[in-house]
Amino acid sequence: MRNSRVLASLCAFSGFLLVVTTRGWRGLDQIPSDPGYDYVGERVQTGLSVIEFRPYLYADQSTLASIASSLPLETRAMFLTFASHLIWASCALVVYLALRRLMLHTITSLAGGLLLVTTPWAAQSAIGNYGNVRWPILVAATVVVAAEATNERPRVVPLTLATVAAALSNPLHPLLLVPLLIGAGRLASTHRKTFAISALPLMFGLTANLLNVGAGGHSEKITSFWDGAGLFWVSGQVLPSAIALTGLALSVRTIRVWSTHRLFAATLFVVVLLIAGASYRLGGIADRYYVAPAALAAIGALVWLVDTRTRSANVAKVLTIALAVVLVVPITRWFFVFPYLRSAPSWSTQVDAAQDKCDRGETTSFELLTSNGESVTDPIPCDDL
């Protein structure tokens, strides 16, 4: 039995990795224009750096940049992109395992993981971008915390690992206190110690960030749609919250007899609204802020529909068709990475060309294009080759 579960997990991970790598294939050998290469270049000069404040507490981006800085220059883009794909696939696997923890069918759990790696709005600047792995990490951590908080026997180790991962990667990690409070409120006092322990990393991260930068968010942000803002931007801003609000509104009449699955879905819907609101408050309108609400809303809707099927098969069929249309259209339309992540010549080709110029003594430094095909790195000394 254990071997079959391990095999199923390996197959699931492989499938998730295949999907996300296919989406980002054309940007595989690119350095994303934001955060760019200069952050990696700093690691070349200053050495390994894991936990940093820039301005928020995080370890994800700094760790990846530090590892990349120790590799040959021509391989750094490939490493960073593929490492990002591995993190996305790993987070999808965590979603799959958390849904299995809820005793959901294997197919349903696989679909939950796929909803993360196929999130349409990740195509603009998130897939393959080492600076945006914080969003799939937040999704996976939220699903784990919600799954454990709605279980009759919550486990302290998965909860604490999830909250530590969130605290060390995303400034919105304090929002995970909400599902922890939901769990603590519904279970006997014997389990509240579990939730208190797992809340400690969140409280530490919140305190550290408040002391370092306060709660003001970005000083420059876009807070209203611009002329010509198309369906991609409007739907990413509105659709996840609309799904969450609809799910909560349809569930409120039966709140006293919610099953574990419905409570889990409702918990995700609440977190979706909180993440969407906090992201807008701190950073305004930006595609990277769409990823977590979109994935969590879709996963919550999936589990909500599974629960609804046990109550009314006909209603579930109608709602499933409606949700499928809402999700399949953007997934199909915005599957592959956008030009922002794939418009430059390959990083390794540019490095080879720079190597030739340096060898011929034509230059002492060089600049390389990043993924949008327009932004360039700060001058890189030939000695770094």
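Relevant structure appears above.
The structure displayed is predicted, hence computed values, not measured ones.

**Some details on the packing of aromatic side chains**
Inference 1: Enumeration over the complete set of coordinates arrives at ten aromatic pairs.
Inference 2: Ring centres of Y37 and W347 lie 5.1 Å apart, and the angle between their planes is 35°; on these two criteria the pair is classed as tilted. Residue Y37 is found in the loop between α1 (2-23) and α2 (38-46), and its partner W347 is found in helix α14 (residues 347-359); the two are separated by 310 residues along the sequence. Like Y37, the residue W347 is buried in the burial classification.
Inference 3: Seen from their ring centres, W135 and Y289 are 5.7 Å apart, and the 80° between their planes marks the pair as edge-to-face.

**Describing helix α3 (residues 60-69)**
Inference 1: In terms of residue burial, α3 counts as a mostly covered element, since eight of its ten residues are buried.
Inference 2: Within α3, the full set of buried residues consists of D60, Q61, S62, L64, A65, S66, A68 and S69.
Inference 3: Check the buried side of α3 and you find it contacts α2, β1 (52-53), β2 (57-58), α4 (76-101) and α6 (134-149).

**Topic: the packing of α4 against α6**
Inference 1: The contact between α4 and α6 brings their axes to 9 Å, and the two run at 10°. When the axes of α4 and α6 are compared, the pair comes out roughly parallel. The interaxial crossing formed by α4 with α6 has left-handed handedness. Note on element contacts: α6 touches α4 through P136, I137, V139, A140, V143, V144, A147 and E148, opposite I87, W88, C91, V94, V95, A98, L99 and R101.

**Here's the deal with the environment of A147**
Inference 1: Position of A147 relative to the elements: it lies in helix α6.
Inference 2: What makes A147 buried here is its relative accessible area of 1%.
Inference 3: Taking the C-alpha atoms as reference, A147 lies 20 Å from F13; in sequence the two are 134 residues apart.

**What about the pattern of salt bridges?**
Inference 1: According to the stated counting rule, one finds six salt bridges in the structure shown.
Inference 2: Between R43 and E52 there is a salt bridge, with the nearest N and O atoms lying 3.7 Å from each other.
Inference 3: One network of salt bridges, in which partners are shared, links R101, E148 and R155.

**Some points on empty space enclosed by the protein**
Inference 1: A full pass over the atoms with the stated rule returns three cavities of 30 Å³ or more.
Inference 2: In this model, the largest cavity occupies a volume close to 80 Å³.
Inference 3: Looking at the lining of the largest cavity, the element that brings in the most residues is helix α10 (residues 231-251), giving four residues.
Inference 4: Each residue belonging to the lining of the largest cavity can be placed in one class, and the counts come to six nonpolar, five polar and no charged.

**Notes on the side chain of S251**
Inference 1: Examined against the element boundaries, S251 turns out to sit in helix α10.
Inference 2: By relative accessible area, which is 2% here, S251 ends up buried.
Inference 3: Apart from the residues lying within four places of it in its own chain, the contact partners of S251 are W258, R262 and W304.

**Some details on a negative patch on the surface**
Inference 1: A cluster of like negative charges, contributed by E74, D352, D356 and D359, occupies part of the molecular surface.
Inference 2: For E74, the position within the fold is in the loop between α3 and α4.
Inference 3: Look at E74 and you get partly exposed, because its relative accessible area is 33%.

**With respect to the layout of surface pockets**
Inference 1: Counted as a void, the second largest pocket has a volume near 490 Å³.
Inference 2: Counting residues per element, the lining of the second largest pocket draws most heavily on helix α13 (residues 313-333), at nine residues.
Inference 3: Residue composition of the lining of the second largest pocket, by class: 16 nonpolar, three polar and two charged.

**Some points on the nonpolar core**
Inference 1: Core analysis: the biggest nonpolar cluster contains 99 residues, and L99, V139, V143 and F264 have the highest contact counts within it.
Inference 2: Excluding residues within four positions of it along the chain, L99 makes contact with L104, T108, S109, G112, V143, F264, I299 and V303.
Inference 3: Ranked by size, the runner-up nonpolar core spans eight residues in total, among them W121, I285, A294 and F338.

**Focus: the packing of α6 against helix α7 (residues 156-167)**
Inference 1: Running from amino to carboxyl end, α6 crosses α7 at an angle of 150°, the nearest separation of the two axes being 9 Å. By the angle between their directions, the pair α6 and α7 is classed as roughly antiparallel. Crossing of α6 over α7 shows left-handed handedness. Across the interface between the two elements, I137, A141, V144, V145 and E148 of α6 pack against P158, L159, A162, T163, A165 and A166 of α7.
Inference 2: Looking at side-chain class alone, the contact of α6 with α7 contains nine nonpolar, one polar and one charged residues.

The rules we used
Residues numbered from 1 in each chain as written. Predicted model: local features only at pLDDT ≥ 70, side-chain atom pairs only at ≥ 80, totals over all residues. Heavy atoms only, no water. Phe/Tyr/Trp six-rings, centres within 6.5 Å; stacked < 30°, edge-to-face > 60°. Helix = DSSP H or I, 4+ residues; strand = E, 2+ residues; numbered from the N terminus. Buried < 20%, exposed > 50% of the residue type's maximum accessible area, 1.4 Å probe, protein only. Contact = heavy atoms within 4.5 Å. Axes fitted to C-alpha atoms, helices over the stretch in contact; angles between N-to-C directions. Parallel < 35°, antiparallel > 145°, perpendicular 65-115°, else oblique. Left-handed = near helix turned anticlockwise from the far one by under 90°. Salt bridge = Lys/Arg side-chain N within 4 Å of Asp/Glu carboxyl O. 1 Å grid on protein atoms, 1.4 Å probe; cavity = no way out; pocket = protein on both sides within 12 Å on 5 of 7 lines; lining within 4 Å. Points joined across faces, edges and corners; volume = space filled by probe spheres on them. Nonpolar A, V, L, I, M, F, W, Y, C, P; charged D, E, K, R; others polar. Patch = residues over 30% accessible without salt bridge, like charges linked within 9 Å, V, L, I, M, F, W, Y side chains within 5 Å. Areas by Shrake-Rupley, 256 points an atom, 1.4 Å probe, with all protein chains shown as cover. Lys, Arg positive; Asp, Glu negative; His and termini not counted. Charge placed at Lys NZ, Arg CZ, Asp CG, Glu CD. Core = buried A, V, L, I, M, F, W, Y, C linked by side-chain atoms within 4.5 Å.

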